Protein chains: 2
Amino acid sequence: MKFGLRHIRHFAAVAEDLHYRKAAERMNIAQPVLTRSVQHLEKELGVVLFDRTNRSVSLTSAGKVFLQGCQVTLATMEGLVSQTLKTHSGEAGHLRIGYTDFAISGELPKILKSFRQLYPDISVEPLHGVTSSQLDLIKKDKLDFGFVTGPISHEDLETKTVQEDNYVAILYDNHPLAKRSSVLLSELANEDFVLGSPSAWQHFHDHLHRICRAAGFVPKMVQHAFNSEGIFGLVACEMGISIHTSCAENYLRKGLIFKKIRDVSDTIKTISIWRNDPAFPARKAFADFLKQYPVGATQQ
Amino acid sequence: MKFGLRHIRHFAAVAEDLHYRKAAERMNIAQPVLTRSVQHLEKELGVVLFDRTNRSVSLTSAGKVFLQGCQVTLATMEGLVSQTLKTHSGEAGHLRIGYTDFAISGELPKILKSFRQLYPDISVEPLHGVTSSQLDLIKKDKLDFGFVTGPISHEDLETKTVQEDNYVAILYDNHPLAKRSSVLLSELANEDFVLGSPSAWQHFHDHLHRICRAAGFVPKMVQHAFNSEGIFGLVACEMGISIHTSCAENYLRKGLIFKKIRDVSDTIKTISIWRNDPAFPARKAFADFLKQYPVGATQQ
DNA sequence: TGTAATTGATACGGAATTGATATCATGAAA
DNA sequence: TTTCATGATATCAATTCCGTATCAATTACA
């Protein structure tokens with residue numbers, strides 16, 4: 001099996017035209033070259049590929065099989081080259097993208113949709129994870145981008161804020177404050193709270209305790225859940241109320257009401273974070289895309 | 001895109017070992033050859049495939065994509081060569097095989113099963129057709145082998161008898177003769193007959209009329225069907241009786257009874273027939289197989 | 001710190017491959 | 001018969017390819 005793509009190209013040309021001279025002309029080479037290439041193939045394979053009876057050329061059974069394979073191989077090679085070039089330029093590739101509840105219910109879907117329109121040959125693999133686990137994965141190079149709850153600053157890693165949400169109170173619809181158009185944080189001081197589990201929701205807890213402390217109370221947590229869905233479910237059961245971000249409006253669970261909190265101007269930022277490694281063109285493409293992406297804000 | 005399989009093989013070897021010298025040793029060539037092959041590829045593609053930082057070699061993103069494609073291409077090529085060789089030797093290929101009702105309910109399944117065990121890389125495509133249409137297809141080279149009702153003799157075409165069946169009477173189970181262990185053909189002289197339609201079953205009709213004439217009567221056909229299933233269905237409805245071959249025993253339809261016909265020693269031969277064209281190795285393999293295959297006889 | 005070992009890159013000469021031109025052999029067409 | 005078309009062959013020049021020897025850079029180790 002000692003032949004190259006050149007022999008294959010020559011054979012395929014002859015096999016397609018069933019005419020040496022025409023094929024040679026089409027390939028801009030001299031005819032004897034094709035004769036030799038085909039002879040070489042036949043000798044290497046130990047198989048006659050053409051029947052040259054009379055003055056017509058026709059493929060043998062084995063020749064037909066070989067031709068088909070050659071055409072596939074040649075087409076595959078072309079595709080491979082183009083795919084390799086695209087990968088080099090960052091036009092193609094694969095990205096593993098982590099996301100939090102906040103990110104996926106906020107800007108991330110829009111970001112990914114918009115990015116994929118720009119780079120249809122880059123596949124994305126979204127992976128759910130809380131902030132800390134995403135950061136771990138990025139450090140271990142198991143994740144290309146994280147969409148996490150800020151603030152974060154980390155040497156070696158680049159960041160870009162992509163989403164900024166206000167705090168909102170989540171009430172069930174027959175709660176005493178449900179009729180109000182907005183609430184004050186201090187009005188919630190004596191409420192029972194349903195919140196995310198402290199370990200997973202560490203960042204959000206930190207923020208929440210800070211703003212509550214500023215309002216003069218410590219939230220009383222009566223129940224915790226592992227994700228936003230769980231929190232909303234428990235609030236809907238009237239186990240307590242919760243505080244979430246304005247991106248929660250995209251959930252719109254029946255029986256729940258979202259209230260703007262008038263006296264809290266702090267925001268929760270969702271930031272994208274990635275390792276700035278120029279060796280991954282697709283990463284660079286997404287990083288560049290993120291840098292110019294405006295900060296989304298779900299203001300109520 | 002001016003590179004050969006050689007470059008690809010070299011690149012893949014280096015990429016797999018991530019070590020030029022080891023790869024060179026494994027391929028039994030000198031190390032500089034690999035350096036040059038990879039450089040050539042990189043130059044042709046305009047893409048850096050390896051990061052040669054420090055004294056370690058690692059693939060770039062584009063290199064990984066290219067490697068994967070190269071491995072696929074190389075494996076495909078190997079498979080293609082082996083498939084081509086097999087096609088040449090007759091070990092692989094495709095056969096379009098026609099069959100009649102008699103053949104498919106008789107020896108053909110056994111023949112094909114046995115042949116496929118010998119030649120697992122030859123695919124067979126069974127096509128139902130009556131004798132005359134199979135012969136047409138073979139002449140037009142649209143069919144590789146026919147399994148038809150004999151006798152047939154045709155110049156240009158080779159034949160081999162593969163099956164020999166006795167005539168049997170097909171009765172419904174409350175027919176007056178149903179209790180008998182065997183019948184005489186002459187006893188059926190006044191019966192109503194359900195037979196295959198004369199155009200499609202021409203060969204069988206010819207045989208049947210000949211033996212009936214010898215027994216001194218002309219069968220009275222009251223109904224005809226287009227295939228054996230249809231005939232058996234009509235007999236089961238007691239529209240009449242029929243005469244079929246002993247291979248019918250494989251149908252075993254409820255309510256039907258098969259009776260040996262004592263005074264008829266003629267047989268119906270099913271023969272395989274094909275164009276003796278040495279240009280199709282798979283045909284030759286099957287032809288050789290058939291020639292040594294014993295004649296099957298479903299004697300009751 | 002200095003010496004040896006390892007690794008990929010480079011230079012060069014001979015061998016093999018490739019391609020173009022001219023020509024041949026054969027069968028078909030005029 | 002002559003003429004034409006087609007694929008095969010011979011030959012020479014250009015290119016490509018491989019192996020040997022060697023280099024430069026880095027690491028390992030004493």
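The structure presented is a predicted model; accordingly, all values stated were derived computationally and were not measured. (Residues numbered from 1 in each chain as written. Chains lettered and ligands numbered in written order. Predicted model: local features only at pLDDT ≥ 70, side-chain atom pairs only at ≥ 80, totals over all residues. Heavy atoms only, no water.)

**Looking at the overall build of chain A**
- Looking only at helices and strands, chain A has 10 helices and 13 strands in total.
- Taken over C-alpha atoms, the radius of gyration comes to 31 Å for chain A, far larger than the 19 Å a tight globule of 300 residues would show.
- Its C-alpha atoms give chain A principal-axis dimensions of roughly 100 × 40 × 30 Å.
- Counting the 300 residues in chain A, one finds 48% classified as buried.
- In chain A, 77% of the contacts between residues at least 6 apart in sequence involve partners at least 24 apart.
- As displayed, chain A offers around 14400 Å² of accessible surface, 51% of which is attributable to carbon and sulfur atoms.
- Here chain A contributes 35 positive and 32 negative side-chain charges, whose respective centroids are spaced 7 Å apart. (Helix = DSSP H or I, 4+ residues; strand = E, 2+ residues; numbered from the N terminus. Rg over C-alpha atoms; globule rule 2.2 N^0.38 Å. Buried < 20%, exposed > 50% of the residue type's maximum accessible area, 1.4 Å probe, protein only. Contact = heavy atoms within 4.5 Å. Areas by Shrake-Rupley, 256 points an atom, 1.4 Å probe, with all protein chains shown as cover. Lys, Arg positive; Asp, Glu negative; His and termini not counted. Charge placed at Lys NZ, Arg CZ, Asp CG, Glu CD.)

**Some words on the nonpolar core**
- Ranked by internal contacts, the top residues of the largest apolar core, which has 56 residues, are F11(A), F50(A) and F11(B).
- Of all the elements in the fold, those that place two or more residues in this core are α1 (5–17), α2 (20–27), α3 (31–45) and α4 (61–89) of chain A together with α1 (5–17), α2 (20–27), α3 (31–45) and α4 (61–89) of chain B.
- Not counting the four nearest positions on each side in its chain, F11(B) is found in contact with V38(B), L41(B), L49(B), F50(B), L59(B), G63(B), F66(B), L67(B) and C70(B).
- Of all hydrophobic cores here, the second largest spans 34 residues; its members include F102(B), I231(B), L234(B) and A248(B). (Core = buried A, V, L, I, M, F, W, Y, C linked by side-chain atoms within 4.5 Å.)

**Description of the relation of the copies chain B and chain A**
- For the match of chain B to chain A, the screw axis carries a shift of 0.0 Å, the RMSD comes to 0.3 Å, and the turn is 179°. Each copy turns onto its partner about a two-fold axis.
- By residue overlap, the copies meet face to face through one surface: 97% of the interface positions of chain B are interface positions in chain A. (Least-squares fit on C-alpha atoms with pLDDT ≥ 70 in both.)

**Some remarks on the pattern of salt bridges**
Residue and element names in this part refer to chain A.
- Using the criterion set out here, one finds 30 salt bridges over all chains in the structure.
- The partner of R283 in a salt bridge is D141, and the shortest N-O contact between them spans 2.8 Å. Here R283, found in helix α10 (residues 281–291), pairs with D141, found in the loop between α7 (131–139) and β5 (145–149); they are 142 residues apart in sequence, far enough to count as distant.
- Among the salt bridges present, the one from E187 reaches R180, with a minimum N-O distance of 2.6 Å.
- What emerges from the salt-bridge pattern is a single network uniting R96, D141, D144, R275 and R283. (Salt bridge = Lys/Arg side-chain N within 4 Å of Asp/Glu carboxyl O.)

**Here we look at the pairing of strand β3 (residues 92–99) of chain B**
Residue and element names in this part refer to chain B.
- Here β3 pairs with strand β4 (residues 121–128) via 8 bridges, running parallel. Residue pairing across strands places G93 opposite I122, the latter belonging to β4.
- As paired strands, β3 and strand β5 (residues 145–149) are joined by 3 bridges and run parallel to one another. Paired with Y99 across the two strands is F147, which belongs to β5. (Pairing = 2+ DSSP bridges.)

**Focus: the protein's contact with DNA strand C**
- In the vicinity of DNA strand C lie 22 residues, with R6(A), R36(A), R55(A), Q39(B) and R55(B) positioned nearest.
- Counting only atoms of DNA strand C within 4 Å of the protein, the fraction found in sugar and phosphate groups is 60%.
- Contacts to DNA strand C include A30(A), whose backbone N or O atom sits 2.7 Å from a phosphate oxygen.
- Contact between DNA strand C and Y20(B): a phosphate oxygen at 3.2 Å from a main-chain N or O atom of the residue. (Near = heavy atom within 4 Å. Polar contact = N/O pair within 3.5 Å; in protein donor to acceptor, adjacent residues only side chain to side chain.)

**A short note on the interface of chain B and chain A**
- The interface of chain B with chain A comprises 32 residues on the first partner and 31 residues on the second.
- Buried surface at the junction of chain B and chain A, both sides included, amounts to about 2700 Å², of which 76% is carbon and sulfur.
- There are 0 salt bridges connecting chain B and chain A.
- Viewed at the interface, chain A and chain B are joined by 2 residue pairs in polar contact (both at pLDDT 80 or more).
- Counting residues per element, the ones that place at least two in the side of chain B that touches chain A are α1 and α4 of chain B.
- Residue composition of the side of chain B that touches chain A, grouped by class: 19 nonpolar, 10 polar and 3 charged. (Buried area = accessible area lost by both parts, 1.4 Å probe. Nonpolar A, V, L, I, M, F, W, Y, C, P; charged D, E, K, R; others polar.)

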